[in-house]
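Close look at the chain arrangement
Given next are the chains, with one letter for each unit.
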Amino acid sequence: MTSGDLVERKNDHLDIVLNTQRRQAMVETGFSRFQFSHCAMPQLDLDQIDLSLSFCQKRLRAPLLISSMTGGAQRAAKINCHLAEAAEELGIALAIGSQRVALQSGHDHGLTRDLRRLAPSVPILANIGAGQILDPGLDWPRQAVDMIGADALIVHLNPLQEAVQRGGDRDWRGVLEAIERLVQVLEVPVVIKEVGAGISADVARQLVSVGVAAVDVAGAGGTSWAQVEAERADTDASRRIAEAFAGWGIPTAQALVEVRRALTDTTLIASGGIRDGVDAAKALRLGADLVGQAAAVLPSAMDSTAAVVAHIDVMIQQLRVACFCTGSADLAGLRRARIDHDGTPFPSSGHSR
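Residues numbered from 1 in each chain as written. Predicted model: local features only at pLDDT ≥ 70, side-chain atom pairs only at ≥ 80, totals over all residues. Heavy atoms only, no water.

The next subject is the UniProt feature "binding site: Mg(2+)" (unreviewed entry) in the protein. In the numbering used here, UniProt assigns the "binding site: Mg(2+)" (unreviewed entry) feature to Glu162. With respect to the helices and strands, the residue Glu162 is situated in helix α7 (residues 159-164). Judged by relative accessible area, which is 7%, Glu162 ranks as buried. Contacts of Glu162, omitting those with residues within four sequence positions, involve Gly168, Asp169, Arg170 and Trp172. (UniProt positions renumbered as here; feature names shortened; annotations may be inferred. Helix = DSSP H or I, 4+ residues; strand = E, 2+ residues; numbered from the N terminus. Buried < 20%, exposed > 50% of the residue type's maximum accessible area, 1.4 Å probe, protein only. Contact = heavy atoms within 4.5 Å.)

Here we come to the sheet that holds strand β4 (residues 64-66). Pairing within the closed barrel is parallel, and its eight strands lie in the order β4-β5-β6-β7-β8-β9-β10-β11. Put simply, the sheet's adjacent strands are angled 25 degrees from each other on average, direction ignored. With two bridges joining them, β4 and strand β5 (residues 93-95) adopt parallel strand pairing. Bridging from a neighbouring strand, Ile66 pairs with Leu94 of β5. Across the sheet, helix α6 (residues 139-148) touches β6 (124-129) and β7 (152-157), and the angle it forms with β6 is around 150 degrees. (Pairing = 2+ DSSP bridges. Axes fitted to C-alpha atoms, helices over the stretch in contact; angles between N-to-C directions.)

Enumeration over the complete set of coordinates arrives at 14 salt bridges. Arg100 serves as the salt-bridge partner of Asp169, at 3.8 Å between the closest nitrogen and oxygen. Residue Asp169 is found in the loop between α7 and α8 (175-185), and its partner Arg100 is found in helix α3 (residues 100-105); the two are separated by 69 residues along the sequence. On the basis of relative accessible area, Arg100 is assigned to the buried category, the value being 13%. When the shortest N-O distance is used, the salt bridge between Arg275 and Asp279 registers 2.9 Å. Under the relative-accessibility criterion, Asp279 is labelled buried at 0%. Residues joined by salt bridges that share partners form a network here, namely Asp236, Arg239, Arg240 and Glu243. (Salt bridge = Lys/Arg side-chain N within 4 Å of Asp/Glu carboxyl O.)

Residue Cys56 is not a glycine yet carries a positive backbone phi of 55 degrees. Its identity is not glycine, yet Asp342 carries a phi of approximately 55 degrees, on the positive side. In this fold, Asp342 is placed in the loop between β12 (339-341) and β13 (344-345).

This is the structure in structure tokens:
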């Protein structure tokens, strides 16, 4: 596929996601089935609740990650600038979109160390697809990290999207072995994420067994990339194939619970349909270390840095109130807060941190 084709694809993706923000997801995230037990006497100062944590050897003021959402489209330069400035102002982590177009075309599209200049104190995560560590090998991962001065590299797994996408990567043989080689030679930690269909406990175990530092479960309940590809389809048959999988995937809450039970020590990121700070609080209680949001931030990112800050600050304040109303002075307390699943007390996630 040519660089021009890739740029067109990324532009299509942005347009479709922006135009479908209010559309009902085909799958529920599962967070609505969990309910915190309200604490009517928290005996806390709301303003003193500590949401801070360490990630990638840097201190964050809140356990949030602006998740990958943009790639090689020209307007991504403006989007990433707004996101980097907002991440720095808020003290949260930033994961950029796929760098494949920039690497393949030689045009950086704003994916340069200027992002590091804009966000010097927070973690920035580079991003490439699994297909880009199979071919052309390990050069692109190193370049992806170096071009933005990243603290870690995300390798995204998107087999469903590739399977229903015209020109998609169809041969996934040897992906685990390629990840293992990458972990062994790359100078920064490797993070693996899905793009909205979820990671199972079995797959997560395999990833951690080869040295992956963190897993983003990226479950179903947010953007359906099968549905996005259905809207891009150029034939009726392609559209029908993709549409059949619009509801495919492991719901985010289910993926998170199952992976945390299997891996008590691994850093986990929960993304996929996170609507607000209450969902974020539930994800943290169920075992996440960080909570990521992507599509919901995109309209603000298209506007300005101030719009991104305003959007995410609301989420942070919602998370703070959730801590207050569960009697949780910090994230460790939130992880011990009582939460019910369909009316039944839900046990501790087993998170060892």
